[in-house]
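# Descriptive structure summary
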Amino acid sequence: MWKVFQVSLRRVDWRGVRFTSRRLFPAGLGRVSTRQLCNRPGQPARSCTVDPNLEEQFVFLDCTEDDPHQEEKDLLLQLPQQQLPQVQQQLPQVRQLRSLERQLLVLRGVSLQEAKADSLIQFDDVDFPLDPSVVASQRKKRKRRTCEHKIFGTPDVDEPVSNTCCSGCGALLHCTTAAVPGYLPSEKYKVLLQEERLSDATCQRCHLLTHHHKALNLQLSKDEYRAVVGQLQPLKALVLLIVDLLDIPDSIVPDLPELVGTNKHVVVLGNKIDLLPADSPNYQQRIRRQLSQYCCDAGFGSQVTDIHLISAKTGYGIESMISSLQRSWRYKGDVYLVGSANVGKSTLFNTLLESDYCKSKASDVIHKATISPWPGTTLNLLKFPIINPTPNRMFRRQERLNETSRQAESELPPEELKRLQHLSRQGYLVGRVGRTFRTGAGLRRGEIEFDADSLAFGVNKDGEMTTATARTRSPDEFTYNELKDAHWLFDTPGIMKEHDLLSLLNEQEVRMVVPSQAVVPRTFVLKPGTSLFVGAVARLDFLQGQKSCWFSVMASSRVPVHITSLEKADSIYEKHAGHVLLGVPLGGSERMKEFPSLVPQEFRLEGRGYLEAVADIKLSSAGWVAVTAVEGEQLLLRVHGPEEAGFSLRTPPLLPHIVSLKGERIRKSAAYKPVKPEGRLDSGLLARGAERLQVKKKK
């Protein structure tokens, strides 16, 4: 025990010497100034005197050669283990006791075995404490880096499957197994079932897609997706075929007549037009003609009644499409959204849910569809009731459209103005989608709202006469009379493509490859014997040609483009595939072991001139590369890509004059400065307001 007290006394003595050396002041202080130091609450104020005419002196204790605690450590190591509890009881409760206990734990290797090196060092100035907000933000950043989302809950195979569909993807809710669509953890499923709140719930997959951008692997084949769409063959319905303009003609369902039947009228909707830059004044008319030709080549050109270029995300072209559908199809039957996976069907479903195409109360009752860049999000049919376009409703709708077209920027609500400003930064084309028949809103003074569907008499399933005024349901629910003769708009599961690059990528890589903002063309001038990498998913070799050619890359800005010589291309791919230089895929050499090897294929092209591309090298869902060469120039290109991705040649090119959308050439580089063209506003705002939003009003 005497050795323990020796340790304490020696440490106190050594600390006293150290503190004294720190507080040495030079003798003979003349004119001095006094300043008060910051103190913690509840502590007396401390002050120090400083002579401004003298330089500040510092005294440092040299502890580099001999460890002042070495003798102390030797004494502690000699203590037997049974004396430790007695030591803790007899030593006084002072600061030295805490230090001794920590030294004991360190020497015994108990507390710091798993600690990181940088976590043991912390500087804290007692007189100048850190701002609590700064400390909290640093802790939050460390927590964000280390924490990962974990999937909780257990399945219960004995619990029967419900008859309720997920409001996000349409799959039947259950808790039997996590690999089947519609799964919910049994702990949550049973509580929702007992409280009768299962109808408003979404499955675990939709929740992870929406809030955590995490996709779960499900046991669902391509034939099961097609089987759901095939249910509408015997029905009288209108088919809205949605096509991804960034992936045509591959995004067009090739065997559509066999899938939905030959007795259907088809309206083709070219989606994501907001992501394409305008390479010429009449580029939309050219794209519409090309889209019509692709439909004829697919075998259902005679069924196509109309073609619209829209943006389900920014609302461009939605109002004109709704007016056209209400004039042509009216209220003849149900409407089905059909298309390949990841073309934007669920996004369009949510946009139409907030428009004049659905019943006024539907947006308050029906949950929005789950949307994500991951293909195959929707697993079953989702629907909302279509409004009956009576002459009165059509007249009131046209009045609203005329009124919004005359609006100035100052007349817009702050939320609407903020939304337009946000969308104008993401896409080239922006539109406004409004509501005319919202319940309880927009009524003039002295005007009575009349809804024929809610005031109609009818007979329910039991044969009893009912009216809408005698209902006992919640005001947010539909009555039987409102839905007994209703027609519906259905969102169907996406048809999985035969060859698709997205099927080879994980969820993080899919978010990088799929463009979410306006695509800015990146143009490079290459000589023969040069290779161009689009990430690590595609490689273009310029093998033969007399003169330089221009290659315009139309892909997501998150996918890097790298230029190198043909001799170095193989070594560049082996060294940098999976790393930062090539970007996609991610995960280093371990990820590249799972990624399929690149298979070459050759294309021969003939140039058409400096201002017109000869063809597009399609990179599946990742975009394309437009090739521009001198007129009559014979080119030989070799394209490397995964065989499962299905890279191909597209002629004529979608944007033949894309080479004109480039800036000045970067000095000593093969690249040109990218130039983003101006956007346009579809309708609903005066030109002055459109100019402030950095878009032009469509004429």
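Quick caveat: nothing in here was measured; it's all calculated off a predicted structure.

## What to know about the overall build of the chain
When helices and strands are tallied, the chain shows 21 helices and 25 strands. If you sum the accessible surface of the chain, you get close to 38,700 Å²; carbon and sulfur atoms cover 51% of it.

## Regarding the pattern of salt bridges
This model, assessed by the stated rule, comprises 21 salt bridges. Taking the shortest distance from any N to any O, the salt bridge between Glu-354 and Arg-435 comes out at 3.7 Å. Note that Glu-354 is positioned in the loop between α12 (345–353) and α13 (362–365) and Arg-435 in the loop between β8 (429–430) and α16 (452–455), a separation of 81 residues in sequence. Assessed through its relative accessible area of 26%, Glu-354 is described here as partly exposed. As a salt-bridge pair, Arg-650 and Asp-616 come within 3.0 Å of each other at their nearest N and O atoms. One end of the pair, Arg-650, is in strand β21 (residues 648–650); the other, Asp-616, is in strand β18 (residues 613–618), and 34 residues separate them in sequence.

## So, the sheet that holds strand β19 (residues 624–628)
The strand order β12-β15-β19-β18-β21 describes an open sheet built from five strands, whose pairing is antiparallel. Edge positions in the sheet fall to β12 (522–526) and β21, since each of these pairs with one other strand and no more. Strand-to-strand, the axes of this sheet are offset by a mean angle of 25 degrees, without reference to chain direction. Note that β12 and strand β15 (residues 549–554) share five bridges and pair antiparallel. Bridged to Thr-523 within β15 is Ser-552.

## Description of helix α14 (residues 391–405)
Note: α-helices contain 3.6 residues per turn, so residues at a spacing of three or four share the same orientation. For α14, spanning 15 residues, the distance from its first C-alpha to its last is 21 Å, which sits close to the expected 21 Å at 1.5 Å a residue. Those residues of α14 lying buried are Arg-393, Arg-397, Arg-400, Leu-401 and Thr-404. Down the axis of α14, the buried set is contained in an arc of 100 degrees. They therefore lie on one face. Of the exposed residues in α14, those oriented more than 90 degrees away from the buried face are Pro-391, Phe-395 and Glu-403.

## What to know about empty space enclosed by the protein
For the structure shown, the criterion picks out six cavities of 30 Å³ or more. Considered as a void within the structure, the largest cavity measures approximately 100 Å³ in volume. If you trace the largest cavity, you find it lined by Asp-244, Leu-246, Asp-247, Ser-251, Lys-272, Ala-341, Asn-342, Val-343, Lys-497, Val-514, Pro-515 and Ser-621. Looking at the lining of the largest cavity residue by residue, the class counts come to five nonpolar, three polar and four charged.

## As for the pairing of strand β3 (residues 237–244)
Consecutive residues of a regular strand have side chains that alternate between opposite faces of the sheet. Where burial is concerned, most of β3 is hidden: eight out of the eight residues are buried. With burial as the criterion, each face of β3 is covered, one bearing Ala-237, Val-239, Leu-241 and Val-243 and the other bearing Leu-238, Leu-240, Ile-242 and Asp-244. Two elements, β3 and strand β6 (residues 334–339), share six bridges in a ladder whose sense is parallel. Residue pairing in the sheet places Ile-242 in a bridge with Gly-339 of β6.

## Things to note about the environment of Val-580
As for its placement among the helices and strands, Val-580 is situated in the loop between α19 (569–576) and α20 (588–594). A relative accessible area of 77% places Val-580 in the exposed class. Taking the C-alpha atoms as reference points, Val-580 and Gly-535, separated by 45 residues in sequence, lie 9.4 Å from one another.

## Let's talk about unusual backbone geometry
In this chain, Ile-248 is followed by Pro-249 through a cis amide linkage whose omega measures 5 degrees. Mapping Pro-249 onto the fold places it in the loop between β3 and α9 (256–260). For the bond from Val-584 to Pro-585, the omega torsion is 0 degrees, close enough to zero to count as cis. Residue placement: Pro-585 occurs in the loop between α19 and α20. Even without being a glycine, Lys-272 presents a positive backbone phi close to 70 degrees.

## Brief notes about the nonpolar core
Ranked by internal contacts, the top residues of the largest apolar core, which has 49 residues, are Leu-532, Phe-551, Tyr-573 and Ile-617. Beyond its immediate chain neighbours, meaning those up to four positions away, Phe-551 contacts Arg-522, Thr-523, Phe-524, Leu-526, Leu-532, Leu-540, Phe-542, Val-625, Ala-626, Val-627 and Leu-637. In this structure, Ile-248, Leu-291, Val-519 and Trp-624 belong to the second largest nonpolar core, which totals 46 residues.

## So, the packing of helix α11 (residues 318–328) against α12
Following both chains from N to C, one finds α11 and α12 inclined at 75 degrees, their axes separated by 12 Å at the closest point. The orientation of α11 with respect to α12, classified from their angle, is roughly perpendicular. Residues Ile-318, Met-321 and Ile-322 of α11 touch α12, and the partners they reach there are Leu-348, Thr-351 and Leu-352. Each residue belonging to the contact of α11 with α12 can be placed in one class, and the counts come to five nonpolar, one polar and no charged.

## Some words on the sheet that holds strand β7 (residues 382–385)
Spatial ordering of the open sheet is given by β5-β4-β3-β6-β11-β7, a layout of six strands whose pairing is mixed. Looking at which strands have only one partner, the edges of the open sheet turn out to be β5 (304–309) and β7. Here the average twist between neighbouring strands, direction ignored, is 20 degrees. Sheet topology places β6 next to strand β11 (residues 488–491); three bridges connect them, and they run parallel. Bridging from a neighbouring strand, Leu-337 pairs with Asp-491 of β11. The sheet contacts of α11 involve β3, β4 (265–271) and β5, and relative to β5 the element is tilted by about 160 degrees.

## Section: the side chain of Lys-272
Within the element layout of this structure, Lys-272 appears in the loop between β4 and α10 (283–298). Polar contacts involving the side chain of Lys-272 include one to the side chain of Asp-244, which spans 3.3 Å. Look past the residues within four positions of Lys-272 in its chain and what remains in contact with it is Asp-244, Leu-246, Ile-310, Ser-311, Asn-342 and Val-343.

## Re the pairing of strand β20 (residues 634–642)
Here β20 lies mainly inside the structure; seven of its nine residues are buried. Here strand β14 (residues 538–544) pairs with β20 via five bridges, running antiparallel. Note on β20: the bridge partner recorded for Gln-544 is Leu-636. Pairing geometry for strand β17 (residues 598–606) and β20, over nine bridges, is antiparallel. Bridge assignment links Leu-605 to a residue of β20, and that residue is Leu-635.

Rules behind the numbers
- Residues numbered from 1 in each chain as written.
- Predicted model: local features only at pLDDT ≥ 70, side-chain atom pairs only at ≥ 80, totals over all residues.
- Heavy atoms only, no water.
- Helix = DSSP H or I, 4+ residues; strand = E, 2+ residues; numbered from the N terminus.
- Areas by Shrake-Rupley, 256 points an atom, 1.4 Å probe, with all protein chains shown as cover.
- Salt bridge = Lys/Arg side-chain N within 4 Å of Asp/Glu carboxyl O.
- Buried < 20%, exposed > 50% of the residue type's maximum accessible area, 1.4 Å probe, protein only.
- Pairing = 2+ DSSP bridges.
- Axes fitted to C-alpha atoms, helices over the stretch in contact; angles between N-to-C directions.
- Expected span 1.5 Å × (residues − 1).
- Arc of directions from axis to C-beta.
- 1 Å grid on protein atoms, 1.4 Å probe; cavity = no way out; pocket = protein on both sides within 12 Å on 5 of 7 lines; lining within 4 Å.
- Points joined across faces, edges and corners; volume = space filled by probe spheres on them.
- Nonpolar A, V, L, I, M, F, W, Y, C, P; charged D, E, K, R; others polar.
- Core = buried A, V, L, I, M, F, W, Y, C linked by side-chain atoms within 4.5 Å.
- Contact = heavy atoms within 4.5 Å.
- Parallel < 35°, antiparallel > 145°, perpendicular 65-115°, else oblique.
- Polar contact = N/O pair within 3.5 Å; in protein donor to acceptor, adjacent residues only side chain to side chain.

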